[in-house]
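Descriptive structure summary
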Amino acid sequence: MKCDLCGKEAVTFIRYNGSHLCGEHFSRYVERRVKKEIRKQIDVHSGDTLAVAVSGGKDSMVTLHLIDSIFGKRGDVRICVISIDEGIRGYRPPSLDIVSEFCKERDIEWHLRSFSELDLTMDDVAPVSGENSPCTYCGVFRRKLMNSEAMKIGAKYLATGHNADDMAQSIMMNFTRGDIERLARLGPHTKVQPGLVPRFLPLRMIPEKESLLYAIVNNIPFWDGECPYWKEALRNQYRDIVDELETRSPGSKFSIISSYDQLRPMLYGQYRPAELHFCECGEPTLGKKCKACELEKMLKGRLGR
């Protein structure tokens, strides 16, 4: 199998467009789409700070590599990495070691926050999760700490490693649940809310398999360990549905995202940004207390703390 563009040995066949690409042309193909997404999503000026949420997995490491490659050479844009230690023995420590080493090699600021600041760990939380999956609590606490640190360091934007698979799954989940308001709040965020750092998604149009291949082709280190609690997540059902659609009809993931993008202007018109207040912890919220504080109190009650 030869590359359609240069005749070298191909590393992949892209089913949704029928092309065979070698490592070099595949990398360029990914990078062009990432740069296009970044231009569409954010407006970066001299003196801005970009935060990158990095867990050490393939998607976040690819995101960090690309953000550093695009903006790191400029010298007038500050790049900071934010990682969260959820307190999962045997899973999170090895991935954080990879992030730490990568940041040292590239001289990138690294900021680490931990669930221990809330006097909780996911190993504590999982056994008392009750009717919710552990992922429900993990996501809420991670978002709180991530936003808190991004605000603290003065970030203008926060990049996350969500890929095309993640986006298609999220869109399908919210449609199925009838949660149109939540659908309207999906990233990338174009409206700045007080107390919230807007997120952008460089890998939004990069399928998960291409993110993995890009990491391998470009020798980007990443942790491929499996979270012990992932099987309980509702998202797994939607992952299977979207993957089946993609298998039967290549390009289905892009079609789902494209359909959503056409609906976004109408959704934004229907659901205006909510008027936010500030929780006693300092994070913005719709009510008196933020979701993280509510869950923290409930979990500590179950744990007898």
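Look a little higher up for the structure.
If you're wondering where the values come from, they're calculated on a predicted model, not measured in any experiment. (Residues numbered from 1 in each chain as written. Predicted model: local features only at pLDDT ≥ 70, side-chain atom pairs only at ≥ 80, totals over all residues. Heavy atoms only, no water.)

When you go through the protein residue by residue, the secondary structure sums to 11 helices and nine strands. Taken over the C-alpha trace, the protein has a radius of gyration of 20 Å; the compact-globule value for 305 residues is 19 Å, and the two agree within 12%. Along the first, second and third principal axes, the C-alpha set of the protein runs to 65 × 45 × 40 Å. Across the 305 residues in the protein, those meeting the buried criterion constitute 50%. Pairs at least 24 residues apart make up 73% of the contacts formed inside the protein by residues separated by at least 6 positions. Counting only carbon and sulfur atoms, one obtains 51% of the accessible surface of the protein, whose full area is about 15400 Å². (Helix = DSSP H or I, 4+ residues; strand = E, 2+ residues; numbered from the N terminus. Rg over C-alpha atoms; globule rule 2.2 N^0.38 Å. Buried < 20%, exposed > 50% of the residue type's maximum accessible area, 1.4 Å probe, protein only. Contact = heavy atoms within 4.5 Å. Areas by Shrake-Rupley, 256 points an atom, 1.4 Å probe, with all protein chains shown as cover.)

A few words now on the side chain of Lys58. Along the chain, the position of Lys58 falls in helix 2 (residues 58–71). Owing to a relative accessible area of 16%, Lys58 belongs among the buried residues under this scheme. Among the polar contacts made by the side chain of Lys58, one reaches the side chain of Glu208 at a distance of 2.9 Å. Among all residues touching Lys58, those that are not within four sequence positions of it are Glu208, Ser211, Leu212, Phe222 and Trp223. (Polar contact = N/O pair within 3.5 Å; in protein donor to acceptor, adjacent residues only side chain to side chain.)

Here we take up the packing of aromatic side chains. Scanning all chains against the criterion turns up three aromatic pairs. With 6.1 Å between their ring centres and 80° between their planes, Tyr157 and Phe200 make a pair best called edge-to-face. Taken together, the positions of Tyr157 in strand 6 (residues 157–159) and Phe200 in strand 7 (residues 199–200) put the pair 43 residues apart, joining distant regions of the chain. A relative accessible area of 1% places Phe200 in the buried class. (Phe/Tyr/Trp six-rings, centres within 6.5 Å; stacked < 30°, edge-to-face > 60°.)

The subject of this paragraph is unusual backbone geometry. Backbone geometry at Asp107 places phi at a positive 55°, although glycine is not the residue there. Take Asp107: it is sitting in the loop between helix 3 (92–106) and strand 5 (109–114). One non-glycine residue, Asn219, lies in positive phi territory at about 55°. By secondary structure assignment, the location of Asn219 is in the loop between helix 8 (208–217) and helix 9 (235–248).

A surface patch of like charges, here positive, comprises Lys35, Lys36, Arg39 and Lys73. Residue position: Lys36 is located in helix 1 (residues 23–41). Using a relative accessible area of 49% as the deciding quantity, one classes Lys36 as partly exposed. (Patch = residues over 30% accessible without salt bridge, like charges linked within 9 Å, V, L, I, M, F, W, Y side chains within 5 Å. Salt bridge = Lys/Arg side-chain N within 4 Å of Asp/Glu carboxyl O. Lys, Arg positive; Asp, Glu negative; His and termini not counted. Charge placed at Lys NZ, Arg CZ, Asp CG, Glu CD.)

Overall, parallel pairing links the five strands, which are arranged 5-4-3-6-7 in an open sheet. Each edge of the sheet is formed by a strand with only one pairing partner; in this case those strands are strand 5 and strand 7. Sheet topology note: the strand 3 (residues 49–53)/strand 6 ladder contains three bridges and is parallel. In the strand pairing of strand 6, Ala51 is matched with Leu158. Those strands touched by helix 2 are strand 3, strand 4 (78–85), strand 6 and strand 7, and its axis lies near 160° from that of strand 3. Packed on one face of the sheet, helix 3 meets strand 4 and strand 5 and runs near 165° to strand 4. (Pairing = 2+ DSSP bridges. Axes fitted to C-alpha atoms, helices over the stretch in contact; angles between N-to-C directions.)

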